[in-house]
Amino acid sequence: MEFYLVLAVFGTLAGVTTVLFGFGGGFVVVPVLYRTLVHLHGADSAVGQSAMQVAVATSTCVMIVGAGLATRRHHRAGNVDWVQVRPLLAAIAAGAVAGAAAATALRSDWVRWAFVAYLALTILDGLLRPGFIRPRVAAADQAAKPRPSGPLTAVLGLVIGAVAAFLGVGGSVMTVPLMRRRGAPMVQATAAANPLSLPVALAGTATYVLLAWNQSVPLGAWHAGFVDLRAFAVLVVGSWLGIRLGGRFVGRLPDGLHAKVYLALLTLVLLAMLMR
């Protein structure tokens with residue numbers, strides 16, 4: 001019971017970070033679920049040995065609901081730049097299949113360290129390269145910038161989808177820094193991450209379910225492939241509540257503070273994943 005209470009609390013936090021930062025919940029859900037699964041089942045059990053895959057797959061499944069609700073909220077508020085978002089959707093879905101397949105084929109520890117490495121690189125890039133804390137392009141000039149070409153858009157979408165599904169973290173990990181450097185305000189950059197998380201969530205979840213069943217991973221009852229169904233249900237309820245709470249603050253955070261809090265949250269998650 002305590003396990004599910006913890007998940008409900010962190011599911012709510014995941015909902016808040018989804019609607020305000022476009023995280024899709026993964027940066028919150030993956031570390032918490034990974035550590036609780038190892039603690040409950042033991043590192044040598046079937047679940048313990050696949051704990052990172054279960055955490056990533058369950059997080060990816062939760063994103064279907066969380067990103068969908070957050071997308072609706074931001075769309076109604078007029079925050080989503082659909083001109084930039086739509087061309088990426090199909091390529092992201094294709095990349096998500098490849099990323100999820102790669103994650104199921106690797107050892108859980110390798111996926112964990114890939115998660116840690118990507119977090120560290122994202123944080124350093126945001127801090128050291130100009131354009132994230134304070135965008136180099138004025139938001140008013142953003143529309144005048146040329147859009148990426150078709151082939152470049154396809155490559156970007158494939159990479160974003162593969163990384164996001166591999167780590168179970170949604171589109172925010174790459175799209176927020178990318179749009180930020182193109183001059184987008186944080187509210188618009190984080191809003192775009194939610195619809196871009198939907199193809200990751202749908203394609204990634206299907207891949208995690210099908211490949212785990214095909215490999216006959218002995219995870220026990222209440223699992224659909226690598227997805228922990230009971231944890232999924234609790235996290236979805238918490239995520240819904242968090243989106244309702246966090247939605248009240250959409251567009252109210254000062255832009256620079258919004259960017260700094262985004263990086264601060266990534267740093268907290270990185271520290272949590274580094275703790276043994």
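Predicted model, so just to flag it, every value in this text is computed and none were measured. (Residues numbered from 1 in each chain as written. Predicted model: local features only at pLDDT ≥ 70, side-chain atom pairs only at ≥ 80, totals over all residues. Heavy atoms only, no water.)

A. Main features of the overall build of the protein chain. A tally of helices and strands in the protein chain yields 12 helices and 2 strands. A burial count over the protein chain gives 53% of its 276 residues as buried. When contacts within the protein chain are restricted to residue pairs at least 6 apart in sequence, those whose partners lie at least 24 apart make up 82%. (Helix = DSSP H or I, 4+ residues; strand = E, 2+ residues; numbered from the N terminus. Buried < 20%, exposed > 50% of the residue type's maximum accessible area, 1.4 Å probe, protein only. Contact = heavy atoms within 4.5 Å.)

B. Quick peek at the packing of aromatic side chains. Under the criterion given, the structure shown has 2 aromatic pairs. Look at Phe21 and Tyr262: their rings are 6.5 Å apart centre to centre, the planes differ by 45 degrees, and that puts the pair in the tilted class. Residue Phe21 is located in helix H1 (residues 2-21), and its partner Tyr262 is located in helix H12 (residues 255-274); the two are separated by 241 residues in the primary sequence. Comparing Phe21 with Tyr262, the two get one shared label, buried. Cluster of aromatic residues (ring-pair linked, three or more members): Phe21, Phe132 and Tyr262. (Phe/Tyr/Trp six-rings, centres within 6.5 Å; stacked < 30°, edge-to-face > 60°.)

C. Focus on the pattern of salt bridges. In total, this model carries 1 salt bridge according to the counting rule given. Two residues, Arg180 and Asp255, come together in a salt bridge whose shortest N-O distance is 2.5 Å. Linking Arg180 in helix H9 (residues 172-181) with Asp255 in helix H12, this pair joins segments that are 75 residues apart in sequence. (Salt bridge = Lys/Arg side-chain N within 4 Å of Asp/Glu carboxyl O.)

D. Expanded view of the nonpolar core. Leu7, Leu33, Met52, Phe115, Tyr262 and Leu266 are the most contacted members of the largest nonpolar core, which has 77 residues in total. Looking at this core element by element, the count peaks at 11 residues for helix H10 (residues 186-214). (Core = buried A, V, L, I, M, F, W, Y, C linked by side-chain atoms within 4.5 Å.)

E. Structural context of the packing of H1 against H12. For the pair H1 and H12, interaxial distance at closest approach is 11 Å and the crossing angle is 140 degrees. Of the possible angle classes, the one that applies to H1 and H12 is oblique. As for how H1 packs across H12, the hand of that crossing is left-handed. Where H1 approaches H12, its residues Thr17, Leu20 and Phe21 are matched on the opposing element by His258, Val261, Tyr262 and Leu265. Partitioned by chemical class, the residues of the contact of H1 with H12 number 5 nonpolar, 2 polar and no charged. (Axes fitted to C-alpha atoms, helices over the stretch in contact; angles between N-to-C directions. Parallel < 35°, antiparallel > 145°, perpendicular 65-115°, else oblique. Left-handed = near helix turned anticlockwise from the far one by under 90°. Nonpolar A, V, L, I, M, F, W, Y, C, P; charged D, E, K, R; others polar.)

F. Summary view of empty space enclosed by the protein. Applying the stated rule across the entire model yields 1 cavity of 30 Å³ or more. Its boundaries defined by the atoms lining it, the largest cavity holds a volume of some 40 Å³. In terms of lining residues, the largest cavity is bounded by Val19, Leu20, His74, Val187, Thr190, Phe249, Val250, Gly251 and His258. Listed by contribution, the elements that provide at least two residues to the lining of the largest cavity are H1 and H10. Among the residues making up the lining of the largest cavity, the classes are represented as 5 nonpolar, 4 polar and no charged. (1 Å grid on protein atoms, 1.4 Å probe; cavity = no way out; pocket = protein on both sides within 12 Å on 5 of 7 lines; lining within 4 Å. Points joined across faces, edges and corners; volume = space filled by probe spheres on them.)

G. Local environment of a nonpolar patch on the surface. A contiguous nonpolar surface patch, about 400 Å² in accessible area, is contributed by Trp113, Leu268, Leu271 and Leu274. Here the nonpolar patch takes 3 residues from H12, the largest share from any one element. Mapping Leu268 onto the fold places it in helix H12. (Patch = residues over 30% accessible without salt bridge, like charges linked within 9 Å, V, L, I, M, F, W, Y side chains within 5 Å. Areas by Shrake-Rupley, 256 points an atom, 1.4 Å probe, with all protein chains shown as cover.)

H. Summary view of the packing of H1 against helix H2 (residues 26-41). Running from N to C, H1 and H2 point in directions that differ by 165 degrees, and their axes come no closer than 9 Å. The orientation of H1 relative to H2 falls into the category roughly antiparallel. Regarding H1 and H2, the two cross each other, and that crossing is left-handed. In contact with Phe3, Val6, Leu7, Phe10, Leu13, Ala14 and Thr17 of H1, H2 contributes Val28, Val29, Val32, Leu33, Thr36 and Leu40. Here the residues of the contact of H1 with H2 are counted per class, giving 11 nonpolar, 2 polar and no charged.

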